[in-house]
Amino acid sequence: MTAFGEYYTIVILGASGDLAAKKTFPALFGLFREKQLSTKCQIIGYARSDLSQEDFYNKISQHFKGGDEETKKNFLKLCSYVEGQYDADEGFQKLKKRFTEYEKEHNVEKAERLLYLALPPSTFTSVCERIKKNVYPKDGIIRVVIEKPFGHDLDSARELQKSIAPLFSEDEIYRIDHYLGKEMVKNLLVLRFGNELFSGVWNKSHIASIQVSFKEPFGTEGRGGYFDSIGIIRDVMQNHLLQVLTLLTMERPVSFDPEAIRDEKVKVLKAFDAFDVNDLIVGQYDRSEDGKKPSYLDDKTVAKDSKCITYCAFSVNIHNERWDGVPMVLRAGKALDEGKVEIRIQFKPVARGMFKDIHRNELVIRIQPDEAIYVKINSKIPGVSTETTLTDLDLTYSKRYSKDFWIPEAYESLLRDVLHGNHANFVRDDELEVSWKLFTPLLEKLENNPNLKLEKYPYGSKGPTELRDYLQNHGYVFTRPGTYQWPLTEPDVKGKI
Ligand code: BG6
């Protein structure tokens, strides 16, 4: 892992697009604000649009968070714009000139160049070819950051890989899955392997079920044109949720070395059983119950009879010694009642005898919003009561850590990793291959089924009504209504909770 020094260049290709404005430039600004970016580096935005320097500044600074005017001004001083095409050398020659002039001016012996492709996948190959031809440093380091989607299925992912692999070594490529940059996802390794309390029970003898769930409170809202050919499975399950599940189930890596971690991720992915197309829920959102929110099919940018899946829940089995037989459910949906991403690990019940009817322990890791880890435990109701109650050991970050902690946004954290040459939180080529091998047959079966039945669920609801039974059939036991209250504030709770 080699960290960049003081004088390096960052190029954001696709600088006039949405991703650059909403995520990439704000993340660079965040790093600058937190003094994680060299004050001597240069940042170049590259795109096809004819933008004045001022237009460019306005575009990229719309979503900056925090920092005073002076900090913003100083950051923008590092930034400049280059106009150019993605399929012609001319623009890349302009970039080359910028690189070499800057490196010469600062007597840089070994060039350090980061090129970030905030671009649609159709341009990846052409852009990578031009980068290689025009701005690949003869002496120095290049880091090329690519955004998902990395292909649409196994064949297209292989095709993409085949076109990029001869140009850059795997070491030079950083495939972003921004979930790997989220604070709680980064914490999974520490939580699992740094605590005997968890590590010791992290297996099929103690764990009854695992769920990773992703809920979004909005629909496609005019972005359906993009989403319609993708669907929720490709959009967030094949990448984000699978990454989370992989970190939850892999074996202990020998160290924090990026390759040691990625080796273990690939190993566990290879032990996943093929996904069962007959054991899942697929749905599409309908108008909200009050009629105010549109159905998916009301989106003018999608086909009238679209069978696009906006909700999916399916189960995973891992056929290794640690996990075989433990139901693991991945579920994701758009246009639901709330926005939340969390992990639920439910433990097996304690032996009967002393307790006739006692709740199961459950570990909940809330990735967002409001990061938290809490464990549901049984405890005696305080005071003279001998009754047990379900309560929590609660680590809610906003209560435990003061506001002074800077918790980086996912993109801030990942860009910082790239600057440091740390690949641990990026997707390796073989990992991508295994994940597409798992998902492609499932997607093909769903997409080639003319009779696919999508359960309609109202916009703003909890999702398809089948979900509750589905979870119960996959090892999850719901807390009986009225038995769990947090916080437990009334002393006279007997019979009330
Ligand atoms: C993206 C998907 O990868 O992740 C979006 O393309 C989705 O559709 C987003 O909304 C969710 O990311 P986050 O960080 O908002 O949970």
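See the structure above.
Just so you know, these numbers come straight off a predicted model, no measurement behind them.

Caption draft 1: Representation of empty space enclosed by the protein. Throughout the structure, instances matching the rule amount to 2 cavities of 30 Å³ or more. Each pocket or cavity is described by its volume, and for the largest cavity that value is around 200 Å³. Elements supplying a minimum of two residues to the lining of the largest cavity: helix 10 (231-249) and helix 14 (429-447). A total of 7 residues in the lining of the largest cavity trace back to one element, the largest contributor, which is helix 10. Computed from the structure, the second largest cavity encloses a volume of approximately 60 Å³. For the second largest cavity, the full set of lining residues is F124, I146, F150, A157, L160, Q161, I164, R175 and L432. Looking at the lining of the second largest cavity, the element that brings in the most residues is helix 6 (residues 154-164), giving 4 residues. Class assignment of the residues belonging to the lining of the second largest cavity gives a composition of 7 nonpolar, 1 polar and 1 charged.

Caption draft 2: Representation of the state of the cysteines in the model. Counted according to the given criterion, the structure contains 0 disulfides. No disulfide involves C41; its sulfur sits 8.0 Å from that of C79, the nearest cysteine. The class for C41 is buried, based on a relative accessible area of 3%. Here C312 is not cross-linked by a disulfide; its sulfur's nearest cysteine counterpart is in C308, at 11 Å.

Caption draft 3: Fine view of the side chain of E112. Positionally, E112 belongs in strand 4 (residues 111-117). Despite its burial, E112 pairs with no opposite charge, the nearest such side chain being R143 at 6.8 Å. A distance of 2.8 Å separates a polar atom in the side chain of E112 from the backbone nitrogen of G5. With sequence-adjacent residues up to four places away left out, E112 is seen in contact with A3, F4, G5, Y7, Y8, T9, E103 and I141.

Caption draft 4: Representation of the sheet that holds strand 5 (residues 140-147) within the structure. Here 6 strands make up an open sheet; going across it, the order is 3-2-1-4-5-6 and the pairing parallel. Each of the sheet's edge strands pairs with one partner strand only, and the pair in question is strand 3 (79-83) and strand 6 (173-176). On average, each strand axis in the sheet is inclined to that of its neighbour by 20°, with strand direction left out of account. Pairing analysis gives 7 bridges linking strand 4 to strand 5, with the strands arranged parallel. When the bridges of strand 5 are listed, E112 appears paired with I141. Where helix 1 (residues 18-33) meets the sheet, its contacts fall on strand 1 (9-13), strand 2 (42-47), strand 4 and strand 5, and the angle it forms with strand 1 comes to roughly 165°.

Caption draft 5: A look at a nonpolar patch on the surface. On the surface, V350, M354 and F355 cluster together into a nonpolar patch covering about 330 Å² of accessible area. By the secondary structure assignment, V350 is in the loop between strand 11 (340-347) and strand 12 (362-368). On the basis of relative accessibility, which here comes to 49%, the residue V350 falls in the partly exposed class.

Rules used in this analysis
Residues numbered from 1 in each chain as written. Predicted model: local features only at pLDDT ≥ 70, side-chain atom pairs only at ≥ 80, totals over all residues. Heavy atoms only, no water. 1 Å grid on protein atoms, 1.4 Å probe; cavity = no way out; pocket = protein on both sides within 12 Å on 5 of 7 lines; lining within 4 Å. Points joined across faces, edges and corners; volume = space filled by probe spheres on them. Helix = DSSP H or I, 4+ residues; strand = E, 2+ residues; numbered from the N terminus. Nonpolar A, V, L, I, M, F, W, Y, C, P; charged D, E, K, R; others polar. Disulfide = S-S within 2.5 Å. Buried < 20%, exposed > 50% of the residue type's maximum accessible area, 1.4 Å probe, protein only. Lys, Arg positive; Asp, Glu negative; His and termini not counted. Salt bridge = Lys/Arg side-chain N within 4 Å of Asp/Glu carboxyl O. Polar contact = N/O pair within 3.5 Å; in protein donor to acceptor, adjacent residues only side chain to side chain. Contact = heavy atoms within 4.5 Å. Pairing = 2+ DSSP bridges. Axes fitted to C-alpha atoms, helices over the stretch in contact; angles between N-to-C directions. Patch = residues over 30% accessible without salt bridge, like charges linked within 9 Å, V, L, I, M, F, W, Y side chains within 5 Å. Areas by Shrake-Rupley, 256 points an atom, 1.4 Å probe, with all protein chains shown as cover.

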